Amino acid sequence: KADVTLPGVPNWKKLVAIKAPSAGSHDTMFVQTDDGVFVVKPDPDAFNEKETTEWLDSLPINVPRVRLIATKSQEGQLAITELAKFDGPATKLSDAMKRFRHFLVMEMVPGQNLDSQGLDHFLTGPGARTRLFMIGMLVAYDLVIYNVDRFPGVGDRDDNPGNAGN
């Protein structure tokens, strides 16, 4: 799955907006082009996360498609150059991408914030057993890839439970 072309990825010259998430990993950003929105994640463990994500795709959880891009590749340099033309979060993202040998481009998997329906509905409403199973799988997935920004206790960053609805 890592070799698939995600919407918007080849169109670094068609950037529309870059937005930082409200919580979670501070270097990860949402990037929008004319063709859609995707997630760019500079990470020192990007290669391991890509490999683990591909492996975990065999489990019954919704795993986003990912691409690993070498920072010094033609596409990596184009992404950094185009992002640097924007202010604010884009500059921060561009600078973060330069610090690592690779970065991930991930499919944007829209979801629903767990808080939007209330905890009672989440635990007791229709499909509660399936939701709880999926949350357990997601916690296990985060532990394996050391995704430290979704659940409290997994890492030392701010938690982002809204990301669990994806």
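Every value quoted in this text rests on a predicted model; they were computed, and no experiment measured them.

(A) Up close: the nonpolar core. Ranked by size, the top nonpolar core spans 16 residues in total, and within it Trp12, Val40, Leu83, Met97 and Phe103 carry the most contacts. At the level of secondary structure, the elements contributing two or more residues to this core comprise strand S1 (15-19), strand S2 (29-33), strand S3 (36-42), helix H2 (74-83), helix H3 (89-98) and strand S5 (102-107).

(B) Local environment of the sheet that holds strand S4 (residues 66-70). Pairing in this open sheet of five strands is antiparallel, and the strands run S1-S2-S3-S5-S4 from one edge to the other. Edge positions in the open sheet fall to S1 and S4, since each of these has one partner strand only. Here the average twist between neighbouring strands, direction ignored, is 25 degrees. Sheet topology note: the S4/S5 ladder contains five bridges and is antiparallel. Looking at S5, one finds that Ile69 is bridged to Phe103. Where H2 meets the sheet, it contacts S1, S4 and S5, and its direction lies at approximately 90 degrees from that of S4. Across the sheet, H3 touches S1, S2, S3 and S5, and the angle it forms with S3 is around 45 degrees.

(C) Up close: H3. Considered for burial, the residues of H3 that qualify are Ala90, Leu93, Ser94, Ala96 and Met97. Burial along H3 is one-sided: seen end-on, the buried residues are contained in an arc of 165 degrees. Check the buried side of H3 and you find it contacts S1, S2, S3, H2 and S5.

(D) Quick peek at the environment of Arg65. With respect to the helices and strands, the residue Arg65 is situated in the loop between helix H1 (46-56) and S4. A relative accessible area of 23% places Arg65 in the partly exposed class. Each C-alpha atom, one on Arg65 and one on Met106, is 5.9 Å from the other, the two residues being 41 residues apart in sequence.

(E) Up close: the packing of aromatic side chains. Applying the stated criterion to the full structure yields two aromatic pairs. Aromatic pair Trp12 and Phe38: ring centres 5.5 Å apart, planes at 85 degrees, arrangement edge-to-face. Taken together, the residues span a long stretch of sequence, with Trp12 in the segment before S1 and Phe38 in strand S3 at a distance of 26 residues. An aromatic cluster of at least three residues, connected via ring pairs, comprises Trp12, Phe38 and Phe103.

What counts as what
Residues numbered from 1 in each chain as written. Predicted model: local features only at pLDDT ≥ 70, side-chain atom pairs only at ≥ 80, totals over all residues. Heavy atoms only, no water. Core = buried A, V, L, I, M, F, W, Y, C linked by side-chain atoms within 4.5 Å. Buried < 20%, exposed > 50% of the residue type's maximum accessible area, 1.4 Å probe, protein only. Helix = DSSP H or I, 4+ residues; strand = E, 2+ residues; numbered from the N terminus. Pairing = 2+ DSSP bridges. Axes fitted to C-alpha atoms, helices over the stretch in contact; angles between N-to-C directions. Contact = heavy atoms within 4.5 Å. Arc of directions from axis to C-beta. Phe/Tyr/Trp six-rings, centres within 6.5 Å; stacked < 30°, edge-to-face > 60°.

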